[in-house]
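Given next are the chains, with one letter for each unit.
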Amino acid sequence: MSVPCRVKLEVFEGPLDLLLHLIKKNEVQITDIPIATITDQYLAVLEDLPELNLDGAGEYLVMAATLMYIKSRMLLPPDPDEEGEAEEDPRAELVQQLLEYQRYREAAADLASRRLLERDVFAARGEPDPGEDPADPRPRVRDASLADLLDALRDVLSRLKPPPSHAILAPGLSVEQCVERILAQFALGSAVEFADVFSPESTRGEVVATFLALLELIRLKVVRAVQQERFGPIQLHLAVADLAEAQARAQEMGQVGMVSAVEEESDDGRPGDQS
Amino acid sequence: MTADLAINLEEHVNGNGRLGPLADEPTPEPETPGSEPEAIGRLAAIVESMLLASGAPVPLARLVEALDGPERREVTAALRSLSESYQREGRGLRLVYVAGGYQLRSAPEHGHWVRRLLGGRPPRLSRPMLETVAIIAYRQPCTRPEIEAIRGVEADAVLSTLLDRRLIRIVGRKDAPGRPLLYATTKDFLEVFGLPDLQALPPLAEVGDGADLLAARADEASAGGEDGAAPAADDDEGTG
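All figures in this text were calculated on a predicted structure; none of them were measured in a lab.

### Digging into the overall build of chain B
Here is step 1: When helices and strands are tallied, chain B shows eleven helices and five strands.
Here is step 2: Counting across all 240 residues of chain B, residues that qualify as buried make up 46%.

If you want it as structure tokens, here you go:
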């Protein structure tokens, strides 16, 4: 008897959540799931969806397949060839997964029921505590917004040297290369001034490529752009444990192959001037 | 030492992060001149000012250092006296011990009014966020694949929201195929959830693992034993 189950998929946090809901609704034990009933209801929920949101549906479909597989195994008589001793309950793995998930779901509910800072209780908004735990540096600064970054970029562009009258085209500087260059600056210290990322000798194209690289690093949460106050100077911090971490992450997360064919003057012997 | 006192106090700071009556804290002996009631009262007032100005949780050691004179136990006595007076007099402040330090917070029953004053909506913690941060809190350091295996859904977006909210941080990479990133909770996490430290997390539900339960059930079926497996299914949301 499968009760039609009219619930929107969005209210479930995933296939395990949906399964726990069905188990509870049917008032059965996780450890003794009536697999046929639950499978039918599970599929009914999926079918009820007007359209499967393909992004989220994959996980639900995998679970549907798992359920049907377990159901079929439970229908089969025990394999006589397999010396019937401890034949595992086909549901065992799923049960374990459900129990594990349920534990954390309860832990989450428990956390949510606490008196949360900024929701239930409030603290004075004081100055940063200078003696804070060095293992957890938590600069009380604001993240620079895109607008702040663009302002800073405008500033950098305005201070560029005027292009020479004879521009010679050189191979472009890719965003990937700029990522490497930016990260290389963190070898010297954990914070880098926004302005120092750009050399005054750079061309407009180079500046733009560097800026794109920076945005990418911020998006990937490898770098954090912060400022003490609105319109203040922007500082860049590594948002990951160390430089190696940052480099690995930048590589791993794939810099979306943004090949910027940036034209630039042949002007390589630029001094690595850093103030 | 600090740790001693902190742990001692922590026992009184239970689930809701509030400093309780501290009944079994050893009361400072009155023989030291600095621990006479008025002296403690004055010290409490000084500490109150310090905590108000700090905003952030202040470790006991830093209070002692800044006070430069009173001993640890006296400062502890002052903290206790402060906390008790807040409760006794029905004041709008509470002294809590979170993230390894003492902090003044608004009384939980006044949340409504404070929110009205400050405006804006409290930062939302969605269920995926809570579940994910719970998994990380209990298993840290742990990787994205581990989290996904438990929740059965992709964790990428949630992890980046949690990183943004500074509830978790990356602490390195696991020495395993693919060198996945390792996540752990932050000090902000402790502050937001009002926890003194990670040990203060309530123990995970004692459900054992599924294999044990299945075995137990099999035993039960054959021997007609107790209902050992019963609690697993019911206490899930409390709504019928």
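### Observations concerning the overall build of chain A
Here is step 1: A tally of regular secondary structure across chain A gives nine helices and four strands.
Here is step 2: Looking at chain A residue by residue over its 275 residues, the buried ones come to 41%.
Here is step 3: A separation of at least 24 residues holds for 70% of the contacts in chain A among residues at least 6 apart in sequence.

### A closer look at the packing of helix α5 (residues 146-158) of chain A against helix α8 (residues 204-219) of chain A
A pair of packed helices can be characterised by two numbers: the angle between their axes and the separation between those axes.
Residue and element names in this part refer to chain A.
Here is step 1: Between α5 and α8, whose axes approach to 11 Å, the crossing angle comes to 160°. Put simply, α5 runs roughly antiparallel to α8. The interaxial crossing formed by α5 with α8 has right-handed handedness. Between α5 and α8, the residues in contact are Leu146, Leu149, Leu150, Leu153, Val156 and Leu157 and Arg204, Val207, Phe211, Leu215 and Ile218, respectively.
Here is step 2: Of the residues contributing to the contact of α5 with α8, the split by class is ten nonpolar, no polar and one charged.

### Description of the environment of Ala65 of chain A
Here is step 1: Position of Ala65 of chain A among the secondary structure elements: in helix α3 (residues 54-75).
Here is step 2: For the pair Ala65 of chain A and Leu43 of chain A, spaced 22 residues apart in sequence, the C-alpha separation works out to 9.9 Å.

### Some thoughts on helix α1 (residues 15-25) of chain A
Here is step 1: Most of α1 of chain A is tucked away: eight of the eleven residues are buried.
Here is step 2: Looking only at α1 of chain A, the buried set comprises Pro15, Leu16, Asp17, Leu18, Leu19, Leu20, Leu22 and Ile23 of chain A.

### Brief notes about the sheet that holds strand β3 (residues 223-227) of chain A
Strands in a sheet are paired, the pairing made by backbone hydrogen bonds, and the direction either parallel or antiparallel.
Residues and elements named next belong to chain A.
Here is step 1: Taken together, four strands build an open sheet; the order of strands is β1-β3-β4-β2 and the sheet is antiparallel. A single partner strand is all that each edge strand has here, and the edge strands are β1 (142-143) and β2 (191-193).
Here is step 2: Note: β1 against β3, two bridges, orientation antiparallel. Bridge pairing in β3 links Asp143 to Val226.

### Some words on the sheet that holds strand β5 (residues 181-185) of chain B
Residues and elements named next belong to chain B.
Here is step 1: Spatially, three strands are ordered β3-β5-β4 in an open sheet, and the strand pairing comes out antiparallel. Looking at strand neighbours, the two that pair on one side only are β3 (142-143) and β4 (168-173), the edges of this open sheet.
Here is step 2: Bridge count between β3 and β5: two bridges; the pairing is antiparallel. Within β5, the residue paired with Thr143 across the bridge is Leu182.
Here is step 3: Across the face of the sheet, helix α6 (residues 127-139) comes into contact with β3, β4 and β5 while running at roughly 95° to β5.

### Brief notes about the nonpolar core
Here is step 1: Membership of the largest hydrophobic core comes to 67 residues, with the highest contact counts inside it found for Leu183, Phe194 and Val223 of chain A together with Phe189 and Phe193 of chain B.
Here is step 2: Residues in contact with Phe193 of chain B, not counting those within four places in the same chain, are Leu111, Arg114 and Leu116 of chain A together with Leu125, Leu130 and Val133 of chain B.
Here is step 3: Of all hydrophobic cores here, the second largest spans 25 residues; its members include Phe12, Leu19, Leu20 and Leu22 of chain A.

### Details of the environment of Glu84 of chain B
Residues and elements named next belong to chain B.
Here is step 1: By the element assignment, Glu84 lies in helix α4 (residues 72-88).
Here is step 2: Judged by its relative accessible area of 29%, Glu84 is partly exposed.
Here is step 3: Spatially, the C-alpha atom of Glu84 lies 9.1 Å from that of Arg94, the residues being ten residues apart in sequence.

### Overview of the side chain of Thr39 of chain A
Residue and element names in this part refer to chain A.
Here is step 1: Within the fold, Thr39 resides in helix α2 (residues 35-47).
Here is step 2: Separated by 2.5 Å, the side chain of Thr39 and the backbone oxygen of Ile35 make a polar contact.
Here is step 3: Ignoring anything within four residues of it in the chain, the contact list for Thr39 reads Leu67, Met68 and Lys71.

### Regarding unusual backbone geometry
Residues and elements named next belong to chain B.
Here is step 1: The omega torsion across Gln140 and Pro141 is -5°, close enough to zero to call that bond cis.
Here is step 2: Of note, Pro141 is situated in the loop between α6 and β3.
Here is step 3: Phi is positive for Arg166, which is not a glycine, with a value near 60°.
Here is step 4: Residue placement: Arg166 occurs in the loop between α8 (156-164) and β4.

### Overview of the confidence of the model for chain A
Here is step 1: Per-residue pLDDT for chain A has a mean of 76; in total, 72% of the residues score no lower than 70.
Here is step 2: Predicted confidence is poor over residues 126-139 of chain A, with pLDDT under 50, and the contacts of this stretch with residues over four places away or in other chains come to 27 contacts.

### Considerations on the pattern of salt bridges
Here is step 1: One pass over the structure, following the stated rule, counts 21 salt bridges over all chains.
Here is step 2: Between Asp120 of chain A and Arg119 of chain A there is a salt bridge whose closest N-O contact spans 3.1 Å.
Here is step 3: Across the pair Glu131 of chain B and Arg127 of chain B runs a salt bridge, and its minimum N-O distance is 3.1 Å. One end of the pair is Glu131 of chain B and the other is Arg127 of chain B, both in helix α6 and four residues apart, which spans about a single turn.
Here is step 4: According to the relative accessible area criterion, Glu131 of chain B is buried, its value standing at 1%.
Here is step 5: A single network of salt bridges, built from pairs that share partners, joins Asp17 and Arg105 of chain A together with Arg127, Glu131 and Arg151 of chain B.

### With respect to the confidence of the model for chain B
Predicted coordinates in regions of low pLDDT should not be interpreted in detail.
All names here are of chain B.
Here is step 1: Within chain B, residue pLDDT values average 78, and 71% of them lie at 70 or more.
Here is step 2: For chain B, per-element mean pLDDT is lowest for helix α11 (residues 231-234), which scores 36, and highest for strand β2 (residues 101-106), which scores 96.
Here is step 3: Predicted confidence is poor over residues 1-26, with pLDDT under 50, and the contacts of this stretch with residues over four places away or in other chains come to 52 contacts.
Here is step 4: In the model, residues 28-35 has pLDDT below 50 throughout and makes 14 contacts with residues more than four positions away in sequence or in other chains.
Here is step 5: Confidence metrics for the complex model read pTM 0.59 and ipTM 0.70.

### What to know about the environment of Ala99 of chain B
Residue and element names in this part refer to chain B.
Here is step 1: Relative to the helices and strands, Ala99 resides in the loop between β1 (93-98) and β2.
Here is step 2: Judged by its relative accessible area of 12%, Ala99 is buried.
Here is step 3: As for Ala99 and Thr186, which are separated by 87 residues in sequence, their C-alpha atoms are 9.4 Å apart.

### Some words on α8 of chain B
Residue and element names in this part refer to chain B.
Here is step 1: Three or more residues of α8 are buried, namely Val158, Leu159, Leu162 and Leu163. Projected down its long axis, α8 shows its buried positions confined to an angular sector of 140°, all on one face. Facing away from the buried side of α8 by more than 90 degrees, the exposed set consists of Ala157 and Asp164.
Here is step 2: Phi turns positive, to about 60°, at Arg166, one or two residues after α8.

Parameters at a glance
- The numbering scheme is per chain: residues are counted from 1 as the chain's sequence reads.
- In the order they appear in the text, chains get letters beginning with A and ligands get numbers beginning with 1.
- Residue-level local features of this predicted model are given only where pLDDT is at least 70; pairs of side-chain atoms are given and counted only at 80 or more, and the full residue set underlies all totals for whole chains, interfaces and linings.
- In computing side-chain values, all of the structure's heavy atoms are included and hydrogens and water are not.
- A helix here means a DSSP run of H or I that spans at least four residues, while a strand means a run of E at least two residues long, and both kinds are numbered starting from the N terminus.
- Each residue's exposure class comes from its accessible area (1.4 Å probe, protein chains only) as a fraction of the maximum for that residue type: buried when under 20%, exposed when over 50%, partly exposed otherwise.
- Here, residues are in contact when the closest pair of their heavy atoms is within 4.5 Å.
- Axis definition: a line fitted to C-alpha atoms, limited for helices to the stretch in contact. Angles are taken between N-to-C directions and run from 0 to 180 degrees.
- In this scheme, roughly parallel covers angles under 35 degrees and roughly antiparallel covers those over 145, while 65 to 115 is roughly perpendicular and the rest are oblique.
- Put simply, a crossing is left-handed when the front helix is turned counterclockwise from the back one by less than a right angle, and right-handed when it is turned clockwise.
- In this count, Pro and Cys sit with the nonpolar residues alongside Ala, Val, Leu, Ile, Met, Phe, Trp and Tyr, while Asp, Glu, Lys and Arg are called charged and the others, Gly among them, polar.
- Strand pairing is defined by DSSP finding a minimum of two bridges between the two strands.
- Definition used in this section: a nonpolar core is a set of buried Ala, Val, Leu, Ile, Met, Phe, Trp, Tyr and Cys residues joined via side-chain atoms within 4.5 Å.
- As used in this structure description, the phrase polar contact means that two N or O atoms lie within 3.5 Å; if the pair is within protein, one of them must be able to donate a hydrogen and the other to accept it, and residues adjacent in sequence are counted only when both atoms belong to side chains.
- A residue's pLDDT is the predictor's confidence in that residue, given on a scale from 0 to 100.
- By definition, a salt bridge exists where a carboxyl oxygen of Asp or Glu is found within 4 Å of a side-chain nitrogen of Lys or Arg.
- It is the directions from the helix axis to the C-beta atoms that the arc portrays.

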